[in-house]
There are 2 protein chains.
Amino acid sequence: MSYSIGQVAKMVGVTTHTLRYYEKEGLLPFVHKSGSGLRVFTDNDLNWLAMIECLKETGMPLKGIKQYIDWFIEGDSTLQQRLDMFRNQKQKVEAQIALYRKHLEKINYKIQMYEDAVKKGSWDKMLEEQRLAEEKERRFGKK
Amino acid sequence: MSYSIGQVAKMVGVTTHTLRYYEKEGLLPFVHKSGSGLRVFTDNDLNWLAMIECLKETGMPLKGIKQYIDWFIEGDSTLQQRLDMFRNQKQKVEAQIALYRKHLEKINYKIQMYEDAVKKGSWDKMLEEQRLAEEKERRFGKK
DNA sequence: CCAAAATATAGAGTTTGCTTTAAGTTAATT
DNA sequence: AATTAACTTAAAGCAAACTCTATATTTTGG
């Protein structure tokens, strides 16, 4: 199957402008043009766009994605670089997930604080009662 | 304790320029100045910076962080907004983690492909052998 | 006390990733 | 055939988050 730039834009969830911009940046080197100059996208191009989305959404800059594509075009002599790149990206994503989890804990703690404060109608009152509870705990032991 | 802008920059891992920029954007409204105009950071400011880091690294734009700080300054009348904001951020982070995981699967698959290709010394050969294996599986059933 | 290091303000410049505009050409519809 | 929708290139514009420059003042260490 083949698709117009507008169809692809809808499928991928970006604008036609963005697709042309990606092409200009060297991210879509396989897209052909019809006799009259219109871009004709294939399923292979959609696969590339899916890979681009994956790398982009995991934080790789467009330049990095272009590097990958350039390596792909260069052929088998760059297999190792490409493998290293994916391994590296894996590390980054895992680190990012770990960081997100850490931040999530802080956010959950804040949510607790604010739920308490909203219930009490006041931030200071919430802090005060929390302070008293902690003191009590310190004096008489837990539970 | 109190700290100079340079000390804080080192502790937080940003430049002094960035700290001044944050202040200009309204993200550090509690930082005082010495008689001669130098910024004097307190532990309270460090706590704010930690919160800023948390929100920033979970994808909140500086404007959103400023909104939170403005609400904080406004006082108890904005407790609900602040709670909603943290709940919203929690949702966003959880969604982001889920997306990262999905992308991680794709990346892991690619790593497998490339490990195989590197072993074989060729991408096409890898694809070819994979295709043959799949055909065999289709003809004779799994395992 | 003086030189070096750190800090101050104000404002211009940079990078990334689009987004919009202008001025057309091509394709689809009525 | 005419209109309108989608497409073309080229270039300018924009928002976010810094980053750097220039010039002046303050603090600090020997």
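Use the structure listed above.
Residues numbered from 1 in each chain as written. Chains lettered and ligands numbered in written order. Predicted model: local features only at pLDDT ≥ 70, side-chain atom pairs only at ≥ 80, totals over all residues. Heavy atoms only, no water.

Details of the overall build of chain A
Right, on to step 1. A count of helices and strands for chain A gives 6 helices and 3 strands.
Right, on to step 2. In terms of overall dimensions, chain A is more spread out than a globule: its C-alpha atoms have a radius of gyration of 26 Å, far above the 15 Å expected for 143 residues.
Right, on to step 3. Within chain A, the fraction of its 143 residues that count as buried is 33%.
Right, on to step 4. At a minimum sequence separation of 6, the contacts of chain A that also span at least 24 residues come to 43%.
Right, on to step 5. Taken as a whole, chain A presents about 8,900 Å² of accessible surface, with 52% of it coming from carbon and sulfur. (Helix = DSSP H or I, 4+ residues; strand = E, 2+ residues; numbered from the N terminus. Rg over C-alpha atoms; globule rule 2.2 N^0.38 Å. Buried < 20%, exposed > 50% of the residue type's maximum accessible area, 1.4 Å probe, protein only. Contact = heavy atoms within 4.5 Å. Areas by Shrake-Rupley, 256 points an atom, 1.4 Å probe, with all protein chains shown as cover.)

A word on the pattern of salt bridges
Right, on to step 1. As enumerated under the stated definition, the model contains 16 salt bridges over all chains in all.
Right, on to step 2. K120 of chain B serves as the salt-bridge partner of E129 of chain B, at 3.6 Å between the closest nitrogen and oxygen.
Right, on to step 3. Via salt bridges that share partners, E128, R131, E135 and R139 of chain A belong to a single interconnected network. (Salt bridge = Lys/Arg side-chain N within 4 Å of Asp/Glu carboxyl O.)

Observations concerning helix α3 (residues 43–57) of chain B
All names here are of chain B.
Right, on to step 1. Under the 1.5 Å per step criterion, the end-to-end length of α3 is 21 Å for 15 residues, consistent within 8% with the ideal 21 Å.
Right, on to step 2. Of the positions making up α3, those classed as buried are D45, L46, W48, L49, M51, I52, C54 and L55.
Right, on to step 3. Phi turns positive one or two residues past the end of α3, at G59, with a value near 95°. (Expected span 1.5 Å × (residues − 1).)

A short note on the protein's contact with DNA strand C
Right, on to step 1. The full set close to DNA strand C counts 18 residues, and H17, Y22 and S36 of chain A together with K33 and R39 of chain B are the nearest of them.
Right, on to step 2. Within 4 Å of the protein, the contacting atoms of DNA strand C are 82% sugar and phosphate, with bases supplying the remainder.
Right, on to step 3. One nitrogen or oxygen atom from the side chain of R20 of chain B is found 2.9 Å from a phosphate oxygen belonging to DNA strand C.
Right, on to step 4. Among the elements that line the surface near DNA strand C, the one with the most residues is helix α2 (residues 16–24) of chain A, at 4 residues.
Right, on to step 5. Split by residue class, the surface near DNA strand C holds 7 nonpolar, 6 polar and 5 charged. (Near = heavy atom within 4 Å. Polar contact = N/O pair within 3.5 Å; in protein donor to acceptor, adjacent residues only side chain to side chain. Nonpolar A, V, L, I, M, F, W, Y, C, P; charged D, E, K, R; others polar.)

Side note on the sheet that holds strand β1 (residues 2–3) of chain B
Residues and elements named next belong to chain B.
Right, on to step 1. Spatially, 3 strands are ordered β1-β3-β2 in an open sheet, and the strand pairing comes out antiparallel. Every other strand in the sheet has two partners, leaving β1 and β2 (32–33) as the edge strands with one partner each.
Right, on to step 2. Two strands pair when backbone bridges link them, and β1 and strand β3 (residues 39–42) are joined in this way by 2 bridges, in the antiparallel orientation. By the bridge assignment for β3, Y3 is matched with F41.
Right, on to step 3. Of the strands in this sheet, β1 and β3 are in contact with α3, which crosses β3 at around 75°. (Pairing = 2+ DSSP bridges. Axes fitted to C-alpha atoms, helices over the stretch in contact; angles between N-to-C directions.)

Some details on the sheet that holds strand β1 (residues 2–3) of chain A
Residue and element names in this part refer to chain A.
Right, on to step 1. Reading across from one edge, β1-β3-β2 is the order of the 3 strands in this open sheet, with antiparallel pairing throughout. In this open sheet, the two edge strands, each paired with only one partner strand, are β1 and β2 (32–33).
Right, on to step 2. Against the sheet, helix α3 (residues 43–57) engages β1 and β3 (39–42), with an angle of about 75° to β3.

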